[in-house]
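# Geometric and topological summary
Okay, here's what each chain looks like letter by letter:
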Amino acid sequence: MRTERANGDGQTERRDLKVIVGAAIIRDGRVLACARAAPPEVAGMWEFPGGKVEPGETETDALIRECAEELAVRVEVRDRVGRNVRMAHGRSVLKVYAARLLHGDEPQALEHEALRWLSANELDSVTWLPADAPIVAALRPLLRTP
């Protein structure tokens, strides 16, 4: 993703935004939330699993790879959830997609401190990372309330 801005000399400066993808994995009306284990300043805060889109990789491919690496699961990527969220002082953008588990896979906390399945009523029971927090409101209508 490219952005342009004027530098101090009035010249237009181009820079590439890094794209970070996240998966809102939904099962039985609940979404999977993952507690960060590191770095220390965000340890214990909650996020949607995912990571950077590598060069030559589509957003969908990156999300499938990241879910396999972080959770040892296979997923089907579905529609976008919420808006783009600017991160890292404007150098990257988070895009979250709804996803579903395939083949009865069960997520494992390979890179996270803990995993929780949250209903719409439980979304506010955890402290979300600042970038993931705006997605929660958009996610709520996709979850069945008990």
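Refer to the structure above for everything that follows.
Read on for a plain summary of the structure. Please read these numbers as outputs of a predicted model, since none were measured by experiment.

## Description of the pattern of salt bridges
Taken as a whole and judged by the stated rule, the model has 11 salt bridges. The shortest N-O distance in the salt bridge between Glu-106 and Arg-27 comes to 2.9 Å. Taken together, the positions of Glu-106 in the loop between β8 (92-101) and β9 (112-118) and Arg-27 in strand β3 (residues 18-27) put the pair 79 residues apart, joining distant regions of the chain. Of the residues examined, Arg-27 reaches a relative accessible area of 27% and is grouped as partly exposed. Taking the shortest distance from any N to any O, the salt bridge between Arg-65 and Glu-66 comes out at 3.1 Å. For Arg-65, a relative accessible area of 22% puts it in the partly exposed group. Residue class for Glu-66 comes out buried when judged on its relative accessible area of 9%. One network of salt bridges, with partners in common, ties together Glu-57, Arg-65, Glu-66 and Glu-69.

## Description of unusual backbone geometry
A cis amide bond, omega -10°, links Ala-38 with the succeeding residue Pro-39. Its place among the elements puts Pro-39 in the loop between β4 (30-36) and β5 (46-47). Look at Asp-28: it is not a glycine, yet its phi comes out positive at around 50°. Residue placement: Asp-28 occurs in the loop between β3 and β4. For Asp-28, a relative accessible area of 64% puts it in the exposed group. The backbone of Ala-72 shows a phi angle near 60°, a positive value even though the residue is not glycine. Residue position: Ala-72 is located in the loop between α1 (59-71) and β7 (75-87).

Reading the values: rules and limits
- Residues numbered from 1 in each chain as written.
- Predicted model: local features only at pLDDT ≥ 70, side-chain atom pairs only at ≥ 80, totals over all residues.
- Heavy atoms only, no water.
- Salt bridge = Lys/Arg side-chain N within 4 Å of Asp/Glu carboxyl O.
- Helix = DSSP H or I, 4+ residues; strand = E, 2+ residues; numbered from the N terminus.
- Buried < 20%, exposed > 50% of the residue type's maximum accessible area, 1.4 Å probe, protein only.

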